[in-house]
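For reference, the chains in residue letters:
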Amino acid sequence: MANCPKCGEHLRLIDWKQKCPHCGVNLILYDRQERLMQEADVAEVQHYHFQKKIDRLKTAFIGSKPAIARIFTSLLPVGALFLPVWKLTAPEGFAQLSGNVTVINVYNALRECDLGALMKLSPQLTAGVFSLALSVVLVLLHFILLTLACSPKAKPRGVALNVLLLLTSLLPAAAPFLLPKGGAFTGTAGIGAYLYLGLMIVNAAVDLWVLWHPVEIVHKQCYVGGIPIEEYFEMEKTMTREAIRAEQYRRLQERYNEKQAAFEAAEREKEAHANG
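Residues numbered from 1 in each chain as written. Predicted model: local features only at pLDDT ≥ 70, side-chain atom pairs only at ≥ 80, totals over all residues. Heavy atoms only, no water.

A. Summary view of the packing of aromatic side chains. Counted by the stated rule, this structure contains four aromatic pairs. An angle of 65° between the planes, with centres 5.7 Å apart, marks the rings of Tyr48 and Phe233 as edge-to-face. Of this pair, Tyr48 sits in helix H1 (residues 32–62) while Phe233 sits in helix H8 (residues 229–238), placing them 185 residues apart in sequence. With 6.2 Å between their ring centres and 70° between their planes, Phe61 and Phe143 make a pair best called edge-to-face. One end of the pair, Phe61, is in helix H1; the other, Phe143, is in helix H5 (residues 123–144), with 82 residues separating them in the sequence. (Phe/Tyr/Trp six-rings, centres within 6.5 Å; stacked < 30°, edge-to-face > 60°. Helix = DSSP H or I, 4+ residues; strand = E, 2+ residues; numbered from the N terminus.)

B. Layout of the pattern of salt bridges. Applying the stated criterion across every chain yields a total of ten salt bridges. The salt bridge involving Asp41 is made with Arg245; its shortest N-O contact spans 2.8 Å. One end of the pair, Asp41, is in helix H1; the other, Arg245, is in helix H9 (residues 241–275), and 204 residues separate them in sequence. Comparing Asp41 with Arg245 shows no difference in burial state: the two are buried. A salt bridge links Glu247 to Arg250; the shortest N-O distance between them is 2.5 Å. Here Glu247 pairs with Arg250, and both are found in helix H9, just three residues apart, close to one helical turn. By relative accessible area, which is 39% here, Arg250 ends up partly exposed. Each of Glu231, Glu247, Arg250, Arg251 and Glu254 takes part in one network of salt bridges that share partners. (Salt bridge = Lys/Arg side-chain N within 4 Å of Asp/Glu carboxyl O. Buried < 20%, exposed > 50% of the residue type's maximum accessible area, 1.4 Å probe, protein only.)

C. Broad picture of helix H3 (residues 103–112). Along H3, the positions that sit buried rather than exposed are Val103, Asn105, Val106, Asn108 and Ala109. Those residues of H3 that are buried are in contact with strand S1 (86–89), strand S2 (99–101), helix H4 (115–121) and H5. (Contact = heavy atoms within 4.5 Å.)

D. Examining the sheet that holds strand S3 (residues 186–189) more closely. Spatially, three strands are ordered S2-S1-S3 in an open sheet, and the strand pairing comes out antiparallel. The open sheet is flanked by S2 and S3, the only strands paired with a single partner. Neighbour-to-neighbour, the strand axes of this sheet turn through a mean angle of 25°, independent of strand direction. Sheet topology places S1 next to S3; four bridges connect them, and they run antiparallel. The residue bridging Trp86 from the neighbouring strand is Ala189, located in S3. (Pairing = 2+ DSSP bridges. Axes fitted to C-alpha atoms, helices over the stretch in contact; angles between N-to-C directions.)

E. Expanded view of the environment of Asp55. When you line up the elements, Asp55 lands in helix H1. When the C-alpha positions of Asp55 and Pro180 are compared, they lie 54 Å apart, and in sequence the two are 125 residues distant. Look past the residues within four positions of Asp55 in its chain and what remains in contact with it is Ile217, Val218, His219 and Lys220. In this structure the side chain of Asp55 is engaged in a polar contact, spanning 3.2 Å, whose partner is the side chain of His219. (Polar contact = N/O pair within 3.5 Å; in protein donor to acceptor, adjacent residues only side chain to side chain.)

F. Focus on H5. Spanning 22 residues, H5 covers 32 Å between terminal C-alpha atoms, matching the ideal 32 Å at 1.5 Å per step. Within the span of H5, buried status applies to Leu125, Thr126, Gly128, Val129, Ser131, Leu132, Ser135, Leu138, Val139 and His142. Taken together, the buried residues of H5 touch helix H2 (65–80), S1, H3, H4, helix H6 (154–178) and helix H7 (191–212). (Expected span 1.5 Å × (residues − 1).)

G. Layout of a nonpolar patch on the surface. On the surface, a cluster of nonpolar side chains totalling about 430 Å² of accessible area is made up of Val159, Val163, Leu167, Leu208 and Trp212. Put simply, the parts of the chain that give the nonpolar patch at least two residues each are H6 and H7. In terms of residue count, the dominant contributor to the nonpolar patch is H6 (three residues). Here Val163 falls in the partly exposed class, since its relative accessible area comes to 44%. (Patch = residues over 30% accessible without salt bridge, like charges linked within 9 Å, V, L, I, M, F, W, Y side chains within 5 Å. Areas by Shrake-Rupley, 256 points an atom, 1.4 Å probe, with all protein chains shown as cover.)

H. Structural detail: the packing of H1 against H2. One way to put it is that H1 packs onto H2 with a least axis distance of 6 Å and a crossing angle of 75°. Compared by their axis directions, H1 and H2 come out roughly perpendicular. Contacts from Thr59, Ala60, Phe61 and Ile62 in H1 reach Ala67, Ile68, Arg70 and Ile71 in H2. Of the residues contributing to the contact of H1 with H2, the split by class is six nonpolar, one polar and one charged. (Parallel < 35°, antiparallel > 145°, perpendicular 65-115°, else oblique. Nonpolar A, V, L, I, M, F, W, Y, C, P; charged D, E, K, R; others polar.)

Listed below in structure tokens is the structure:
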């Protein structure tokens, strides 16, 4: 059990009534205003830390025109994969990889085809298939990680992701040229592979430009009991809790008086227009 907030005596399990059996104070109502203010302080500090994350997220996505453009350049490459990536002639049992092959055919091939047999017949095409699948996963991961584009490790993470994206988009375009003549699979790269690689280069250029020209994060001003939170943190280092609380009440009263004066002025203006 807890202790009495006034006298500090320990409360037993049988001390279930509202009043302290030692000093008689009402345990529920005693110092209620101060406890509510303490809870409000904690809530406002927590809100401040959450607001900082929201501000970073907003800046990462819409902090500048290039950042907004990056949203589109990050997703546009996926659209190219719905165009023919390869034009292949495949042996029996690999119908999904025959003719004009798009990302949908690649997905179906990963589900339905014998990948072990595909590896034996054409390790080059197998590498292209898995590289394309990995590239799509990286595109989605890259888009999700844009939410952390204003974090301290954004640059190294962005460089690593863009290098991987460029490599995994280059291999699908190169895979048909690596197929041996007279092999089980023959064909050429389609317009989708070239367009995908080109859009990925554009995406990397825009992304790296934004990373090396970051926008300053503007944080929304937060308050703790009417005191700007930066000032509140400094006051905690040098002032007692009682002094801080007195300053909070003073500033809250000032804000209330300002709002009350503005309200009364607006009401007088309405009356003047009505009488006028």
